[in-house]
Amino acid sequence: MFRSLLAAAGFGGAQVDTRITTSRLIPGGPLDGEVVLKGGAADQTIDGLQLALCTEMEVESDNGEYTTSHVLAHWPLNERFVLRAGETMSIPLNTQLPAETPINALRCRDNRCRVWLETRLSIASAVDASDRDPLVVEPTEPMQAVITAMERLGFVLARADVEAGYLRTQVGNSQSGCYQELEFRPSGRGGIAEVELSFLPGPTVTHVLVEVDRRFRGDSYRVVSVPHAGLSVDAVQRQFAPLFY
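About the cut-offs
Residues numbered from 1 in each chain as written. Predicted model: local features only at pLDDT ≥ 70, side-chain atom pairs only at ≥ 80, totals over all residues. Heavy atoms only, no water. Helix = DSSP H or I, 4+ residues; strand = E, 2+ residues; numbered from the N terminus. Buried < 20%, exposed > 50% of the residue type's maximum accessible area, 1.4 Å probe, protein only. Contact = heavy atoms within 4.5 Å. Areas by Shrake-Rupley, 256 points an atom, 1.4 Å probe, with all protein chains shown as cover. Lys, Arg positive; Asp, Glu negative; His and termini not counted. Charge placed at Lys NZ, Arg CZ, Asp CG, Glu CD. Pairing = 2+ DSSP bridges. Core = buried A, V, L, I, M, F, W, Y, C linked by side-chain atoms within 4.5 Å. Salt bridge = Lys/Arg side-chain N within 4 Å of Asp/Glu carboxyl O. Polar contact = N/O pair within 3.5 Å; in protein donor to acceptor, adjacent residues only side chain to side chain. pLDDT = per-residue confidence, 0-100. Phe/Tyr/Trp six-rings, centres within 6.5 Å; stacked < 30°, edge-to-face > 60°. Lys NZ or Arg CZ within 6 Å of the ring centre and 35° of its normal. Axes fitted to C-alpha atoms, helices over the stretch in contact; angles between N-to-C directions.

Engineer: Explain the overall build of the protein chain here, please?
Structural biologist: When helices and strands are counted, the protein chain shows three helices and 16 strands. Dimensions of the protein chain along its principal axes, counting C-alpha atoms only, are 75 × 45 × 30 Å. The burial tally for the protein chain puts 45% of its 245 residues in the buried class. Long-range contacts, defined as pairs at least 24 residues apart, comprise 62% of the intrachain contacts of the protein chain with a sequence gap of at least 6. Accessible area for the protein chain stands at about 12700 Å²; split by element, carbon and sulfur atoms hold 47% of it. Charged side chains in the protein chain number 22 positive and 31 negative. The centres of these two groups are separated by 5 Å.

Engineer: For this particular structure, what's the right way to read the pairing of strand S3 (residues 44-61)?
Structural biologist: Walk down a regular strand and you will see the side chains alternate between the two sheet faces. Pairing of S3 with strand S5 (residues 81-83), which is carried by three bridges, proceeds in the antiparallel orientation. Residue Ile46 lies in a different strand from S5, and its bridge partner there is Phe81. With nine bridges joining them, S3 and strand S8 (residues 115-123) adopt antiparallel strand pairing. Bridging across to S8, Cys54 finds its partner in Trp116.

Engineer: Can you walk me through the nonpolar core in this structure?
Structural biologist: One broad rule of soluble globular proteins: the nonpolar side chains tend to lie buried together. Among the nonpolar cores identified, the biggest contains 59 residues, and Leu37, Val195 and Phe240 are the most heavily contacted of them. Filtering out sequence-adjacent residues up to four positions away, Val195 remains in contact with Met150, Phe155, Leu182, Glu183, Phe184, Val210, Glu211, Val212 and Phe244.

Engineer: Before we go on, may I ask you to explain the pattern of salt bridges in this structure?
Structural biologist: Oppositely charged side chains can pair when the atoms bearing their charge come close. This model, assessed by the stated rule, comprises twelve salt bridges. The salt bridge involving Glu58 is made with Arg159; its shortest N-O contact spans 3.4 Å. With Glu58 in strand S3 and Arg159 in strand S10 (residues 155-164), this residue pair connects regions lying 101 residues apart in the sequence. Between Asp161 and Arg159 there is a salt bridge whose closest N-O contact spans 3.1 Å. For Asp161, a relative accessible area of 4% translates into the label buried. By sharing partners, the salt bridges in this structure join Glu58, Asp110, Arg112, Arg159 and Asp161 into a single network.

Engineer: When you look at the side chain of Thr55 in this model, what are you seeing that I'm missing?
Structural biologist: In this fold, Thr55 is placed in strand S3. Engagement of the side chain of Thr55 in a polar contact is seen with the backbone oxygen of Arg114, the distance being 2.7 Å. Sequence-distant contacts of Thr55, that is, excluding residues within four places in its chain, are made with Thr68, Ser69, His70, Leu72, Pro102, Arg114, Val115, Trp116, Val162 and Cys178.

Engineer: Would you explain the confidence of the model for the protein chain in this entry?
Structural biologist: Segments scoring low in pLDDT should not have their predicted coordinates read at a detailed level. This prediction gives the protein chain a mean pLDDT of 89; 93% of its residues lie at or above 70. When pLDDT is averaged over each helix and strand of the protein chain, the minimum, 31, is found for helix H1 (residues 2-8) and the maximum, 98, for helix H2 (residues 141-152). Across residues 1-12 the pLDDT falls below 50, and counting only partners more than four positions away or on other chains, this stretch makes 16 contacts in the model.

Engineer: Help me understand the packing of aromatic side chains, please; the structure alone is not making it clear to me.
Structural biologist: For any pair of aromatic rings, geometry is given as the distance between the ring centres together with the angle between the planes. With the rule as written, the count across this model stands at one aromatic pair. With 4.8 Å between their ring centres and 55° between their planes, Phe155 and Phe244 make a pair best called tilted. Placement of Phe155 in strand S10 and of Phe244 in the segment after helix H3 (233-240) is noted, with a sequence separation of 89 residues between them. Each member of the pair Phe155 and Phe244 is classed as buried. Seen from the ring of Trp116, Arg132 lies directly overhead, with NZ or CZ sitting 3.8 Å from the centre.

Engineer: Sorry if this is basic, but what is going on with the sheet that holds strand S2 (residues 30-38) here?
Structural biologist: The strands that make up a sheet are held in pairs by hydrogen bonds between backbone atoms, and each pair lies either parallel or antiparallel. With antiparallel pairing, the three strands of this open sheet are ordered in space as S1-S2-S6. Two strands bound the open sheet, and with one partner strand each, they are strand S1 (15-20) and strand S6 (88-96). For this sheet, the mean inter-axis angle between neighbouring strands, taken without regard to orientation, is 20°. Where S2 and S6 come together, nine bridges link them in antiparallel fashion. If you follow Gly33 over to S6, its bridge partner there is Leu93.

Take a look at the structure:
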């Protein structure tokens, strides 16, 4: 009885640990691993096990700008069950990252992109157990080709962040409730102050919303569609070069 009371208060209760085995995480790619549960000092009834993919996004409001967490995807992993005292249970994790998952494996002066897995074990009449695992998400091949092409064209990736809202373009709209912005600045002097890119990935083409901020002519917006077939940095560079003249 005493052990049950301690477990209910969070002492010697169940623990949860999510372990990712996928060696390279990319938007739209696999997310494999396991969720390991370890029973505490007493049997405990588990009401549910929830896994959420989260990011941190910037929100503009009348009172200024603030950051908040945002759920990109949510996976319930199990139903109600009993975790016995001292028992170790492993639940396989085999799913896929959403295509609009922000990337954060970037060479960037100011990288504000955060992505993590939040695992929560709901325990009946007790303190819930949770686990938070930061993720490193790399660019897809088309995204990396765009980033490399921008560098070849004389731009430096200065900042990356995630904004609340939706991309709305003539080729399609985003769905996740947030979108990533990569802010490039010219390495030399010129008429361009900065260029902001946002990706709208698809199965055979990656659309790129390009905002060019010119010092004397204001902003301009274009959508560049990068086909996945025959992808090369040279081809992407040829697509982007005319935007900056």
